[in-house]
Amino acid sequence: MTDSTENYHNPIVNKLRDAGLFIEKAFVDGQWTTKDTQFDVLGTVLGRMPSLDRDDFQAAIRSASAAQPKFFESTTGAARGALLRKWSDLILTNVDDIATIMSLENGKTIGEAKGETAYAASFISWFAEEATRSYGTTIPSSSPDTTLLTIREPVGVCGIITPWNFPAAMITRKVGPAIAAGCSVVIKPPSETPFTCMALVKLALEAGIPPQLIQVCPTKDRAAATELATNPLVNKISFTGSTGVGKMLAKLAAGTLKKVSLELGGNAPFIVFDDANLDIAAEGAMFCKFRCSGQTCVCANRLYVQKSAVKSFTEKLVQKVAALKMGAGLDPSTTQGPLVNKAAVEKAQSHVDDALKKGAKLEIGGKPRQDSPGYFFEPTVVSGVTTEMVVSKDETFGPLAPIFVFETEDEVVRLANDTEFGLAGYFFSCDVGRAWRVAQRLQVGMVGVNTGKISAAEAPFGGVKESGYGKEGSLYGLADYQNIKSITFGNLQQ
Ligand SMILES: NC(=O)c1ccc[n+]([C@@H]2O[C@H](COP(=O)([O-])OP(=O)(O)OC[C@H]3O[C@@H](n4cnc5c(N)ncnc54)[C@H](O)[C@@H]3O)[C@@H](O)[C@H]2O)c1
Ligand SMILES: O=CCCC(=O)O
């Protein structure tokens, strides 16, 4: 192990204004550290990271546990807010470098990467404000002899595990409220995209956040990462990722009854009624289907279009898809970056093949492409899709827009809800009565009505059913990192 933050010869640093933001190290107990056991990020194209083991996780947890009470006891909400505000400002000042690192490790376009960096910073600045609004209550007591009130306390040490598709925002949406509440965190960043996380943490230190408060344990050893779910010193685990891994972590966390937040997979319905503005609907579909090349948990997975609108909507969508341009994320003319890996391309292909085999029609796209390095799959639209096809049940997590036809409102609501997932849902209609009805009837945590954009720091983010539990961002996000303590005061007068 070493305490050096020096950076060296990796060619990526030539693309950065501040080469020190590219860090191939872990951050444990206030030290930048490395190990002999390492893993490649993007093969060997980008860099290497130390792969931490269970002992390292335990050391990080112990250090975070020792630091947390000191931090909470020595800071007010306003002081924690000031630290977070400074961190958010530093992220925005370094947006170009962070976006460059993110685009290189994730593949998303530089425009999207800058957008995500601003989105990531917005969670920190949001929770900087929330830190000062952590109110308790006074409660009318049922007994004349007592006075009852509540205060909010940090849960303690939070284990944080996040996916590669939003290398910055999934981390700040958790770390922002954790620090606002007075918690410490041990982060297991995604092994596909650890470098964005390290840059963010370096800026957190520059902002003055105490070193032991944020620990980062990159690893390829998934079993070691489960220490965050089992170690008794960890009080909460917050996970974003697939439903299978989320369920496994929740079971492990039950052993010590940790508080658990789970942001899991989706299978979002996207409904276009025949009274919708079809141009707005097609625009919404482009955003929420093809953002991050279809690799977001809130991406539309099933597009239901009412029979009389299907021809016109499909034409509009195909025309827009034809204008997309695949390529390297750093090329400013690129609108679609590569998928995360070969398996992602194979999954998209298998969903297309299955649909076509069962009678769907290919409108555009439909195959892998290899014009530049990376795993590309053409933005694809398939029509005539039915419930027998795999894509009606399984999240593609890729650039495939499958169009189903429906006839009535009742039918489409039933179809939309016919899934074990319940993260996001979208629909387009100019009928106010229908808008209110359908918004209530969709079994999801988040609904977009006449818009495909539902994500913002102020909007409660989270799902129902097997898409998980807990709300991130918004006025609810801080509470997930706090315990409410009730204090009953006995009346001292006889
Ligand atoms: N609801 C949300 O907010 C949200 C946001 C982004 C992604 N997602 C979901 O995430 C999934 C895609 O991400 P993914 O493929 O990286 O998910 P994943 O579950 O495979 O991985 C997520 C994180 O968990 C880690 N992990 C994986 N297996 C583990 C194990 N056995 N023990 C400990 N840690 C483990 C990974 O290394 C990564 O850091 C999709 O289903 C998507 O819908 C949900
Ligand atoms: O992938 C899921 C998160 C994306 C978002 O916050 O909009």
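Residues numbered from 1 in each chain as written. Chains lettered and ligands numbered in written order. Predicted model: local features only at pLDDT ≥ 70, side-chain atom pairs only at ≥ 80, totals over all residues.

**Quick word on the overall build of the protein**
Here's step 1: Each helix and strand in the protein was counted, giving 14 helices and 24 strands.
Here's step 2: The C-alpha radius of gyration computed for the protein amounts to 23 Å, which stays within 12% of the reference 23 Å derived for 494 residues, consistent with globular compactness.
Here's step 3: Its C-alpha atoms give the protein principal-axis dimensions of roughly 75 × 70 × 40 Å.
Here's step 4: Within the protein, buried positions represent 52% of all 494 residues.
Here's step 5: Intrachain contacts of the protein at a sequence separation of at least 6 include 72% that bridge at least 24 residues. (Helix = DSSP H or I, 4+ residues; strand = E, 2+ residues; numbered from the N terminus. Rg over C-alpha atoms; globule rule 2.2 N^0.38 Å. Buried ≥ 20, exposed ≤ 12 C-beta atoms within 10 Å, placed from the backbone. Contact = placed C-beta atoms within 7 Å.)

**Structural notes on the nonpolar core**
Here's step 1: Ranked by internal contacts, the top residues of the largest apolar core, which has 81 residues, are V185 and V186.
Here's step 2: Considering each element in turn, this core owes the most residues, 9 residues, to helix α4 (residues 110–130).
Here's step 3: Those residues in contact with V185 that lie beyond four places of it in its chain are A64, C158, I160, V175, A178 and I214.
Here's step 4: Grouped together as the second largest cluster of nonpolar side chains are 61 residues, L339, V340, V391 and L423 included. (Core = buried A, V, L, I, M, F, W, Y, C linked by C-beta atoms within 7 Å.)

**Considering the sheet that holds strand β5 (residues 137–139)**
Here's step 1: Here we have 3 strands laid out as an open sheet, ordered β5-β6-β24, and antiparallel in their pairing. Unpaired on one side and paired on the other, β5 and β24 (482–490) mark the two borders of the sheet. Adjacent strand axes in the sheet meet at a mean angle of 25 degrees when their direction is disregarded. (Pairing = 2+ DSSP bridges. Axes fitted to C-alpha atoms, helices over the stretch in contact; angles between N-to-C directions.)

**Looking at the site of ligand 1**
Here's step 1: The immediate surroundings of ligand 1 are formed by 25 residues, with G241, S242, E263, G265 and C297 found nearest.
Here's step 2: Per-class residue counts for the shell around ligand 1 are 11 nonpolar, 10 polar and 4 charged. (Near = placed C-beta within 6 Å. Nonpolar A, V, L, I, M, F, W, Y, C, P; charged D, E, K, R; others polar.)

**Let's talk about the sheet that holds strand β17 (residues 380–385)**
Here's step 1: If you walk across this open sheet you meet the 7 strands as β14-β17-β18-β13-β12-β20-β21, and the pairing is mixed. Two strands lie at the open edges of the sheet, namely β14 (361–364) and β21 (446–449), each paired on one side alone. Across the sheet, the axes of successive neighbouring strands diverge by a mean angle of 20 degrees, strand direction being ignored.
Here's step 2: Examined bridge by bridge, strand β20 (residues 424–428) and β21 share 4 bridges and lie parallel to one another. Bridge assignment links A424 to a residue of β21, and that residue is M446.
Here's step 3: Docked against the sheet, helix α10 (residues 278–290) engages β12 (268–272), β13 (300–306), β18 (400–406) and β20, running at close to 160 degrees with respect to β20.

**So, the packing of helix α2 (residues 77–93) against helix α6 (residues 194–206)**
Here's step 1: Where α2 contacts α6, the axes come no closer than 8 Å and their chain directions differ by 130 degrees. As judged from the angle between their axes, α2 and α6 are oblique. Relative to α6, the crossing made by α2 is right-handed. Judged by residue contacts, W87, L90 and I91 of α2 engage L200, L203, A204 and E206 from α6.
Here's step 2: Residue composition of the contact of α2 with α6, grouped by class: 6 nonpolar, no polar and 1 charged. (Parallel < 35°, antiparallel > 145°, perpendicular 65-115°, else oblique. Left-handed = near helix turned anticlockwise from the far one by under 90°.)

**Considering the UniProt feature "active site" (unreviewed entry) in the protein**
Here's step 1: Within the UniProt annotation, "active site" (unreviewed entry) is assigned to E263.
Here's step 2: By the element assignment, E263 lies in strand β11 (residues 259–263).
Here's step 3: Taking the number of C-beta atoms within 10 Å as the measure of exposure, E263 has 27 and is therefore buried.
Here's step 4: With residues near it in sequence (within four places) discarded, E263 still touches T240, G462, G468 and E472. (UniProt positions renumbered as here; feature names shortened; annotations may be inferred.)

**Overview of the pairing of β11**
Here's step 1: For β11, a buried count of 4 out of 5 residues is recorded, marking the element as mostly surrounded by other parts of the structure.
Here's step 2: Inspection of the sheet shows strand β10 (residues 236–240) paired to β11 by 5 bridges, in the parallel sense. What sits directly across from S238, in β11, is S261.
Here's step 3: At this point the chain moves from β10, through helix α9 (residues 243–254), to the parallel β11, and the crossover so formed is right-handed.
Here's step 4: Of the pairings in the sheet, the one linking β11 to strand β23 (residues 468–469) comprises 2 bridges and is antiparallel in character. By the bridge assignment for β23, L262 is matched with Y469. (Right-handed = clockwise from strand over helix to strand, strands pointing away.)

**Focus on the packing of α2 against α4**
Here's step 1: Running from N to C, α2 and α4 cross one another at 165 degrees; their axes reach a closest spacing of 8 Å. For the element pair α2 / α4, the angle class is roughly antiparallel. Seen from above, α2 lies across α4 with left-handed handedness. Residue-level inspection shows G81, L84, R85, W87, S88, I91 and L92 of α2 in contact with α4, the latter providing T117, A118, A120, A121, I124, S125, F127, A128 and E129.
Here's step 2: When grouped by side-chain class, the residues that make up the contact of α2 with α4 number 10 nonpolar, 4 polar and 2 charged.

**Focus: helix α5 (residues 169–181)**
Here's step 1: The end-to-end C-alpha distance of α5 is 18 Å, a good match for the 18 Å that 13 residues give at a rise of 1.5 Å each.
Here's step 2: For α5, a buried count of 13 out of 13 residues is recorded, marking the element as mostly surrounded by other parts of the structure.
Here's step 3: One or two positions beyond α5, positive phi appears at G182, with a value near 100 degrees. (Expected span 1.5 Å × (residues − 1).)

**A look at the environment of L84**
Here's step 1: Checked against the element boundaries, L84 lands in helix α2.
Here's step 2: Sequence separation between L84 and F123 is 39 residues; the distance between their C-alpha atoms is 9.6 Å.

**Description of the pairing of β17**
On any regular strand, side chains alternate: one points to one face of the sheet, the next to the other face.
Here's step 1: In terms of burial, β17 is a largely internal element, 5 of the 6 residues being buried.
Here's step 2: Here β14 runs beside β17; their pairing, made up of 3 bridges, is antiparallel. Looking at β17, one finds that I364 is bridged to V381.
Here's step 3: For β17 and β18, the ladder comprises 4 bridges, and the chain directions are parallel. Looking at β18, one finds that V382 is bridged to P402.

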